[in-house]
Amino acid sequence: MNGKVPPEDSQAPKDKQGRPVDARVDAPVAPRHPKQITLHGVVRDDPYAWLRADNWREVMTDPAVLGPEIRAYLEAENAFTEQGMASTEALQKTLFDEMKARLKEDDSSVPSPDGAFAYYHRFEIGGQHPLFCRKAADGDLEEVLLDGNREAEGESFFRVASCEHSPDHRFLAFATDRNGSEQYVINFKDLETGAQLTESVSGAQGSIAWANDGRTLFYVTLDAEHRPSKVFRHRLGSDPAEDVLVYAEPDPGFFIGLGVSESRRFIIISAHDHTTSEVRVVPADRPEEDARLLAPRDTGVEYSVSDQDGRFLILTNADGAIDFKIVEAPLDEPGRETWQDVVPHRPGHLVLSLLSFKDYFVRLERVNGVPQAIVTAMADGAEHTIAFDEEAYSLGLLPGYLHDTATLRFVYSSLTTPARTYDYDMEDRSRLLLKEQEVPSGHDPSDYVSERFLAESHDGAQVPVSLVRHRSTPLDGSAPLLLYGYGSYGHAIPAGFSTNRFSLIDRGFIYAIAHVRGGTDKGYGWYLDGKLEKKTNTFLDFIAAGEALIGRGLTRRGRVVAHGGSAGGLLVGAAVNMAPDLFGGVIAEVPFVDVLTTMCDKDLPLTPPEWPEWGNPIEDAEAYATIAAYSPYDNVEAQAYPPILVTAGLTDPRVTYWEPAKWVARLRALKTDSNPLFLKTNMTAGHAGAAGRFDKLNEVALAYAFALMVCGSGSGRITETAAAAGG
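Residues numbered from 1 in each chain as written. Predicted model: local features only at pLDDT ≥ 70, side-chain atom pairs only at ≥ 80, totals over all residues. Heavy atoms only, no water.

## Some thoughts on a negative patch on the surface
Together, Glu533, Glu619, Asp620 and Glu622 give the surface a local cluster of negative charge. As for its placement among the helices and strands, Glu619 is situated in the loop between helix H10 (607–614) and helix H11 (621–630). Residue Glu619 is classed as exposed on the basis of its relative accessible area of 69%. (Patch = residues over 30% accessible without salt bridge, like charges linked within 9 Å, V, L, I, M, F, W, Y side chains within 5 Å. Areas by Shrake-Rupley, 256 points an atom, 1.4 Å probe, with all protein chains shown as cover. Salt bridge = Lys/Arg side-chain N within 4 Å of Asp/Glu carboxyl O. Lys, Arg positive; Asp, Glu negative; His and termini not counted. Charge placed at Lys NZ, Arg CZ, Asp CG, Glu CD. Helix = DSSP H or I, 4+ residues; strand = E, 2+ residues; numbered from the N terminus. Buried < 20%, exposed > 50% of the residue type's maximum accessible area, 1.4 Å probe, protein only.)

What follows is the structure, given as structure tokens:
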């Protein structure tokens, strides 16, 4: 690292960090500390391993304990980023103002009825955080249960993970994170008196499940490696140190999940990795009973559970049902040997989720990349599909508190259509629009065009690409284009509405989503073809999507900005190593780029549970070779790279801060160009970045200003030399 700052003039104007405005910071150069790692007879160099703090666990909960050398490097990178982006400060402010103007500042959710009350959350004008509220079902008098803005006062970071009222409406349990580490504290509030109870639970994962007595609460705790590993039972008024251990997961590769069945008959405890799961249940009326196992884990078999009228409804991929099916089992004999098909497996119809009611159940499927909701009547098994008009859209089912109801609530949007919340009558098949997302500054869907096409990948696979553009955007190849992708864990990217994107689209950008392998956009097989030894398909699909967009005359080489976060950061990091000349810029947010090192370190929070996704390079030499061939950090070359903006979070437990820092250090040491390379580390936040809704917009404004800068007039690029000069 090096930086040159002229002698300070006490009379000179200062920037936000107190530096004279004529100070110039050179691009930081991270020191190389020689380190060699040998595994499977392969020796590799990791000269930037020192960026991982020895006390990283403590740093996640208290960023102030970060060592001075690492802190100095990260702060130097932040200063260089601020300086290099200084010419866009006015643009960032404009983008922020635009995006904020599209938000209804006093927005609120549609109230969800539960007995004598209806529960909802809302925002206040100027407020960063939600207020959790309720009203009497037959009245308008509001009761604020938890004020997020008040709770966040004096905090540099604040987020509410969960906020759940007891079934008798007397108590509230809420889990909060005050440093971005995703280590939550659960507190309790008496809603009759308004007083917060003295007891609290720390080191929690954030999930909360009330038993039906309204005094017993189940929760999940994190182990020393930040893995959700134990379920405890707490009785209000008792010392949390005496809470009862309900279940402890012995396998470090499995995570614990917690919930309540739709009927509120069972507390549901799930243990799972990315490909295998098992479920235990505790009667919600008898919370002191032991958790009962439904079906023991079987490698590669996943299942999740609902209950309905004396039976379990189980969503599973058992028996080779690659796209999942729904089976039933008796409550008293739920083992695999009793499972009977209710909705048989249909290849190409990926069953995503199941929601049960007293007289109906609803499944959400994805067929040819498009979601659909199918309602089944319990009385006769008759089913029908809820119809929608648009070719591509996003659809989500919204679970409520009521089980004995014929009303299904769902939310619908598309790339051009704001979100609409409906109540759907499953009996008469009518729908009632409850809310349409407001865009206060105005939005006319007819001003925009959305399209979907297939791009042919390297092996002939047809990759769906969704895009949205302004109707007046020229289609002569001159338009800049932002290409977004993810492609891991089976997560599909919905073709849904986002107000932020229009700050790019209204400036002539085309916004495109590459539905690459590794997601389930085209079924579960699409996911299987983008993981483990087939992972490179994900990156080659993304490159193919970019090439196809160019081939269709929508943009041209060097005008494509790649954008991805977390595992999507791995995607864009690998793609830019493989095809750097395709892109005019790269935005990599909290990118998972040091894959080989992380997957070789079993003590990191997510490593053992991640092996089914990437492979275990510690024990498997072939997995080691596969990951080594694409891991972005390990494949940086002495070649020209486009401008790159990288973000990180110091307290991030998912993608630890040193991964993007190491990647940037190696890129700067090896790249042969003078294009900007910026690293912005949020020193008080974690994986999701800033928690406040307006603070988050500042982060989006930085990314979008970078995209606009690198695709601007002329060459659309500034050099690192110019960045060091503040230009």
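Still more to cover.
## Digging into helix H3 (residues 89–101)
The first and last C-alpha atoms of H3 sit 18 Å apart over 13 residues, in line with the 18 Å expected at 1.5 Å per residue. Taken together, the buried residues of H3 touch helix H5 (502–505) and helix H13 (693–710). (Expected span 1.5 Å × (residues − 1). Contact = heavy atoms within 4.5 Å.)

## A closer look at the pairing of strand E1 (residues 36–39)
Pairing analysis gives four bridges linking E1 to strand E2 (residues 42–45), with the strands arranged antiparallel. Looking at E2, one finds that Ile37 is bridged to Arg44. Between the end of E1 and the start of E2, which pair antiparallel, lie two residues, with His40 showing a positive phi angle near 55°. (Pairing = 2+ DSSP bridges.)

## Some words on the packing of H3 against H13
Between two packed helices, the angle of one axis relative to the other and the distance separating the axes together describe the packing. The geometry of H3 relative to H13 is characterised by a closest axis approach of 8 Å and an angle of 130° between their N-to-C directions. As the angle between them shows, H3 and H13 are arranged oblique. As for how H3 packs across H13, the hand of that crossing is right-handed. In this structure, H3 uses Leu91, Gln92, Leu95, Phe96, Met99 and Lys100 to contact H13, whose residues at the interface are Phe694, Leu697, Asn698, Val700, Ala701, Leu702, Tyr704, Ala705 and Leu708. For the contact of H3 with H13, a count of residues per class yields 12 nonpolar, two polar and one charged. (Axes fitted to C-alpha atoms, helices over the stretch in contact; angles between N-to-C directions. Parallel < 35°, antiparallel > 145°, perpendicular 65-115°, else oblique. Left-handed = near helix turned anticlockwise from the far one by under 90°. Nonpolar A, V, L, I, M, F, W, Y, C, P; charged D, E, K, R; others polar.)

## Section: the nonpolar core
Counting residues in each nonpolar core, the largest one holds 118 residues, and the members touching the most others are Leu66, Tyr73, Leu74, Leu483, Phe542, Leu549 and Phe583. Ignoring anything within four residues of it in the chain, the contact list for Leu549 reads Phe453, Val465, Leu467, Leu481, Leu483, Ala512, Leu554 and Thr555. Within the second largest apolar cluster, 21 residues are counted, among which are Phe357, Val362, Phe410 and Met426. (Core = buried A, V, L, I, M, F, W, Y, C linked by side-chain atoms within 4.5 Å.)

## Re the pattern of salt bridges
In this structure the tally under the stated criterion is 47 salt bridges. Between Arg297 and Glu249 there is a salt bridge, with the nearest N and O atoms lying 2.8 Å from each other. Linking Arg297 in the loop between strand E17 (292–293) and strand E18 (303–308) with Glu249 in the loop between strand E13 (244–248) and strand E14 (255–260), this pair joins segments that are 48 residues apart in sequence. Residue Arg297 is classed as partly exposed on the basis of its relative accessible area of 28%. Residues participating in the shared-partner salt-bridge network are Asp298, Asp319, Lys325, Arg336 and Asp341.

## Remarks on the packing of aromatic side chains
On inspection of all chains with the given rule, the structure shows 24 aromatic pairs. Seen in terms of ring centroids, Phe324 and Tyr524 are 5.5 Å apart; in terms of plane orientation they differ by 70°. Their pairing is edge-to-face. Placement of the pair is Phe324 in the loop between strand E19 (311–316) and strand E20 (325–330) and Tyr524 in helix H6 (residues 524–528), with a sequence separation of 200 residues. Tyr524 matches Phe324 in its accessibility class, with the two residues each being buried. Between Phe497 and Phe502, the aromatic rings sit 5.5 Å apart at their centres with planes inclined by 40°, giving tilted as the arrangement. Assessed through its relative accessible area of 14%, Phe497 is described here as buried. (Phe/Tyr/Trp six-rings, centres within 6.5 Å; stacked < 30°, edge-to-face > 60°.)

## Let's talk about the confidence of the model for the chain
Mean pLDDT over the chain: 93, with 94% of residues reaching 70 or higher. Low pLDDT (under 50) marks residues 713–723, which in the prediction has 33 contacts with non-local residues, meaning those over four places away or in another chain. (pLDDT = per-residue confidence, 0-100.)

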